[in-house]
Amino acid sequence: MKTTWKDIAPVPTSQEFLDVVLSRTQRQLPTQIRAGFKISRIRGFYTRKVKYTQETFCEKFQAILDGFPRLQDIHPFHKDLMNTLYDADHFRIALGQVSTAKHLIETVSRDYVRLIKYAQSLFQCKQLKRAALGRMATICRRLKDPLVYLEQVRQHLGRLPSIDPNTRTLLICGYPNVGKSSFLRSITKADVDVQPYAFTTKSLFVGHFDYKYLRFQAIDTPGILDHPLEEMNTIEMQSITAIAHLRSAVMYFMDFSEQCGYSVADQIKLFHSIRPLFANKIVFLVVNKIDVRRPEDLEPEYQQEIESILKSGDVEMLQLSCTTTEGVTNVKNAACDKLLAERVAQKLKSGTNSSGTPGGRLGDVLARIHVAQPMGGVQRETFIPEAVKNLQKYDKNDPNRKKLERDIEEENGGAGVYNIDLKKTYDLADDEWKHDKIPEVWNGKNIYDFVDPDIEQKLAALEEEEEKLEADGYYDSDESVEDAEDADTRMKADLIREKRALMRNEAKMRKSLKNRAQIPRSAKAKSLSQMENALEEAGYDVDAASARARSKSQTRGRTTTRDADGDDAMDIDMSDPRQAIAKAKGRARSQAATNRLLDGVTDTTARSKADRLKKLGQKKMNRMARAGEADRHTTASLPKHLVCHHSHPFYACLQGEVTNGGPDHKADKHPGGTDHQTITTAEVLNNIETRKGHAEVNGTQNNLGDVAVVQTGRSEDGVTIVEEEIGASELLQ
């Protein structure tokens, strides 16, 4: 179970959210439009842009929703603690607003993708994209307060201590300034602030320590005052939440010296007030500051009240002094021992059913353990060998002790001089054989290289013996003989495997045919000869059917292809089906018999003259027609010195040159150009279209109020036109 939330990613503000998402979108899908783009390609680009923005928004929102804990999935202690610190309703509303924004952005994306699908121009696609991103940005800006609140909750959750509700826990509670934090600091290494005034501890503090090789956690809670639950503040409610939900040993601290500022009567009254929260828990009444005043020094009426608390049997009193460390270890050990015993008892109790039989995990463990008992009820006494009984504990100072190998080593010169004899412990039939060495040469022969001279004859005799045993059936087994039933079973299995292989191959063929072009219906049709053969085999008269098929196969009007044989097309029966399929595909893709470009033209000269006239007729239309949205257009490149302030000397000089030259003087006239190919500098400067640029795209005015679109004519690589957004609404700034 998760007990800490330090790994929650930071929650950005709404403005940071917009900057991240929109910059990521522009980086992944930069707006580039090339000359000659089809409208379908333009729609696809802006559709991808809207979808990518929506996916980025939803990805970020989902990461926030997944990072924060769900109140219904966490431990009740953490649930109530978060309710105390952050108000669970406010927390749910904030996460709900994020989830709602995610669904709204998905809806906006779906609607505008549908609209872009039917857009008729680049301008419409662009405006729909802007509207979609603007609505998404508006939805994100409305999350300003929830995102700020969730970031504050994330920071506070990261500072909360890691408390495991199911581990071994000592819970320290009581009035303020009774020594709770001092005790936690004494038994653990927790860095707890200890001050001589009340409410020094304002939140839960956790310390860890080891006892009997087990990990314990001790929790220091803020001080509690004796007033109704409705009047308790956030600091006190943290203590109440821990006491109510944590499975722990409760240590209620009391200060009989009254140095904490609260009387003994008030401390006893608080114990009775919160005692219902101690149900099914181990409770210790810990008396602190016994160096100042011990329980024996109390007034008689207070002693009677303390004894009445202890009479119930479920409360035990312990004494200590954190100042002198008297009894600190004893209190810790007593609490840990009782807590361990209680946890073991609860596990055993939960592992047995109503009849007392162990079940669950306990039953599984006990089922694996088997204690062997003598058969027939025979009682066998425990037998311990005498040698084991006579064993004595090794004592280094005992002169009759057993000598160890280390002692022998020291007697014979120590390490490096004495060499241990490993053969003295060999267990052989004769002890004299322990140190025998295998000779290399024996009776004049090398033992390691010895070869029996009769080895060939012995191997041949052994092979003859094996052959005789095999012939007599010595190695035959009844299992190797196969009966008729087994042979039939194996034959059926082979048939099944063969059938499976055929079915598998057929499925592969069907799957591969799915990705191929569909065969025309004419190729799937049966030939006339196949139909006649099938009818003859069935016993029918084929004359009438053949005549009807031949009449149906004749085409009306002029045929699109010429038949070299002049026979009936249906009567042709090809032996190779692949040729029939290829012929059918070629027939389906055949074009008209006449060429419209050459139809009605007598010779090549007339054809070229017709092409030239067509181009000349189109030239005026191309020159006078207004540029479309997807047309690549480069505006006139005006040098800065031609369009700057009139006081510039070069501009004045140029103006004078144009003025003095008269109306017929062409400043930029090319020597070989015509009147249509030349233009004066003054015309360039005075042409309103040049100064206007392309603010008016295809005669369409921008009707969206705060959004003005300018298609700039800046060309970077001669091919690309990059859109610029000028005067966009505040949501996209």
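Residues numbered from 1 in each chain as written. Predicted model: local features only at pLDDT ≥ 70, side-chain atom pairs only at ≥ 80, totals over all residues. Heavy atoms only, no water.

The protein is annotated in an unreviewed UniProt entry as GTP-binding protein CRFG/NOG1 from Aspergillus oryzae. UniProt annotates the protein under Subcellular location (unreviewed entry) with the comment "Nucleus, Nucleolus". (UniProt positions renumbered as here; feature names shortened; annotations may be inferred.)

The subject of this paragraph is the overall build of the protein. In terms of helices and strands, the protein carries 25 helices and 12 strands. Across the 733 residues in the protein, those meeting the buried criterion constitute 29%. Pairs at least 24 apart in sequence give 67% of the contacts found in the protein among residues at least 6 apart. Accessible area for the protein stands at about 50,900 Å²; split by element, carbon and sulfur atoms hold 51% of it. (Helix = DSSP H or I, 4+ residues; strand = E, 2+ residues; numbered from the N terminus. Buried < 20%, exposed > 50% of the residue type's maximum accessible area, 1.4 Å probe, protein only. Contact = heavy atoms within 4.5 Å. Areas by Shrake-Rupley, 256 points an atom, 1.4 Å probe, with all protein chains shown as cover.)

On to the sheet that holds strand β2 (residues 169-174). Read from one edge to the other, the open sheet built from 6 strands follows the order β3-β4-β2-β5-β6-β7, with strand pairing classed as mixed. Two strands close off the open sheet at either side, each with one partner strand: β3 (205-211) and β7 (315-319). Within the sheet, the average angular offset between the axes of one strand and its neighbour, ignoring direction, is 25 degrees. For β3 and strand β4 (residues 214-220), the ladder comprises 7 bridges, and the chain directions are antiparallel. Considered in β4, the bridge of Val 206 is made with Ile 219. Strands in contact with helix α10 (residues 300-311) are β5 (249-255), β6 (282-288) and β7; relative to β7, the strand with the most contacts, it is inclined by about 130 degrees. (Pairing = 2+ DSSP bridges. Axes fitted to C-alpha atoms, helices over the stretch in contact; angles between N-to-C directions.)

When helix α7 (residues 180-187) is considered as a whole, its buried residues turn out to be Lys 180, Ser 181, Phe 183, Leu 184 and Ile 187. Across the axial projection of α7, the buried residues extend over an arc of 160 degrees, all falling on one side. (Arc of directions from axis to C-beta.)

With that settled, the discussion passes to the nonpolar core. Looking at soluble globular proteins, one finds that nonpolar side chains tend to be buried together. Membership of the largest hydrophobic core comes to 110 residues, with the highest contact counts inside it found for Phe 68, Leu 150 and Phe 183. Top contributing element to this core by residue count: helix α4 (residues 88-117), with 11 residues. When residues of this core are assigned to domains, at least three map to each of domain 1 (14-158) and domain 2 (169-350). Excluding residues within four positions of it along the chain, Phe 183 makes contact with Ile 172, Met 251, Phe 253, Leu 320, Cys 322, Val 328 and Val 331. (Core = buried A, V, L, I, M, F, W, Y, C linked by side-chain atoms within 4.5 Å. Domains from an automatic or database assignment.)

Attention now moves to the confidence of the model for the protein. In the predicted model, the protein carries a mean pLDDT of 76, and 73% of its residues have values of at least 70. In the predicted structure, residues 563-572 sits below a pLDDT of 50 and forms 10 contacts with residues beyond four places in sequence or in another chain. Note that pLDDT drops below 50 for residues 647-733; the model gives that stretch 112 contacts with residues more than four away or on any other chain. (pLDDT = per-residue confidence, 0-100.)

Among the 7 residues of β5, 7 are classified as buried, and the element is accordingly described as predominantly covered. Note: β2 against β5, 5 bridges, orientation parallel. Within the sheet, the bridge partner assigned to Leu 171 lies in β5 and is Val 250. Of the strand pairs in this sheet, β5 and β6 are connected by 7 bridges, and their pairing is parallel. By the bridge assignment for β6, Ala 249 is matched with Ile 282. Between β5 and its parallel partner β6, the chain crosses via helix α9 (residues 264-274), and the hand of that crossover is right-handed. (Right-handed = clockwise from strand over helix to strand, strands pointing away.)

With that out of the way, let us pick up the pairing of β2. In terms of burial, β2 is a largely internal element, 6 of the 6 residues being buried. Residues Thr 169, Leu 171 and Cys 173 line one face of β2 and the alternating positions Leu 170, Ile 172 and Gly 174 line the opposite face, and both faces are buried. For β2 and β4, the ladder comprises 4 bridges, and the chain directions are parallel. Each bridged residue has a counterpart across the sheet, and for Thr 169 the counterpart in β4 is Gln 217.

With that settled, the discussion passes to the side chain of Thr 25. With respect to the secondary-structure elements, Thr 25 resides in helix α1 (residues 14-28). A distance of 3.4 Å separates polar atoms of two side chains, one belonging to Thr 25 and the other to Thr 53. Aside from chain neighbours lying at most four places away, what touches Thr 25 is Lys 49, Tyr 52 and Thr 53. (Polar contact = N/O pair within 3.5 Å; in protein donor to acceptor, adjacent residues only side chain to side chain.)

On the surface, a cluster of nonpolar side chains totalling about 370 Å² of accessible area is made up of Val 365, Leu 366, Ile 369 and Val 371. In this structure, Val 365 sits in helix α12 (residues 360-368). (Patch = residues over 30% accessible without salt bridge, like charges linked within 9 Å, V, L, I, M, F, W, Y side chains within 5 Å. Salt bridge = Lys/Arg side-chain N within 4 Å of Asp/Glu carboxyl O.)

In this structure the tally under the stated criterion is 12 aromatic pairs. Taking 5.2 Å as the distance between ring centres and 75 degrees as the angle between the ring planes, the aromatic pair formed by Phe 45 and Tyr 46 counts as edge-to-face. Take Phe 45 and Tyr 46: they sit in the same class, and that class is buried. A centroid spacing of 6.2 Å and a plane angle of 70 degrees characterise the contact between Tyr 211 and Phe 216, whose relative ring orientation is edge-to-face. In this structure Tyr 211 comes out as buried when scored by relative accessible area, which is 12%. A residue is classified by how much of its surface remains accessible, and Phe 216, at 1% relative accessible area, is buried. Put simply, the rings of Phe 17, Phe 57 and Phe 61 pair up and form one aromatic cluster. Arg 168 extends its terminal NZ or CZ atom over the ring of Phe 216, reaching a point 5.7 Å from the ring centre. (Phe/Tyr/Trp six-rings, centres within 6.5 Å; stacked < 30°, edge-to-face > 60°. Lys NZ or Arg CZ within 6 Å of the ring centre and 35° of its normal.)

We note that Glu 258 has phi near 60 degrees; this positive angle belongs to a residue other than glycine. Unlike most non-glycine residues, Lys 289 shows phi in positive territory, near 60 degrees. For Lys 289, the location among the structural elements is in the loop between β6 and α10.

Turning to the packing of helix α3 (residues 76-86) against helix α6 (residues 144-159), a few remarks are in order. Taken N-terminus to C-terminus, the directions of α3 and α6 make an angle of 125 degrees; their axes are 12 Å apart at the nearest point. Relative to α6, the element α3 lies oblique. Considering how the two elements wind past one another, α3 and α6 form a crossing that is right-handed. Together, Met 82, Leu 85 and Tyr 86 of α3 and Tyr 149, Val 153, His 156 and Leu 157 of α6 make up the contact between the two elements. Taken together, the residues of the contact of α3 with α6 break down into 6 nonpolar, 1 polar and no charged. (Parallel < 35°, antiparallel > 145°, perpendicular 65-115°, else oblique. Left-handed = near helix turned anticlockwise from the far one by under 90°. Nonpolar A, V, L, I, M, F, W, Y, C, P; charged D, E, K, R; others polar.)

Before going further, it helps to examine the side chain of Thr 53. Within the secondary structure layout, Thr 53 lies in helix α2 (residues 39-67). Look at Thr 53 and you get buried, because its relative accessible area is 0%. Discounting chain neighbours no more than four positions away, the residues touching Thr 53 are Val 21, Leu 22, Thr 25, Leu 133 and Met 136.

Here we come to the environment of Ile 8. Relative to the assigned elements, Ile 8 resides in the segment before α1. Beyond its immediate sequence surroundings of up to four residues, Ile 8 is in contact with Gly 67, Phe 68, Pro 69, Arg 154 and Leu 157.

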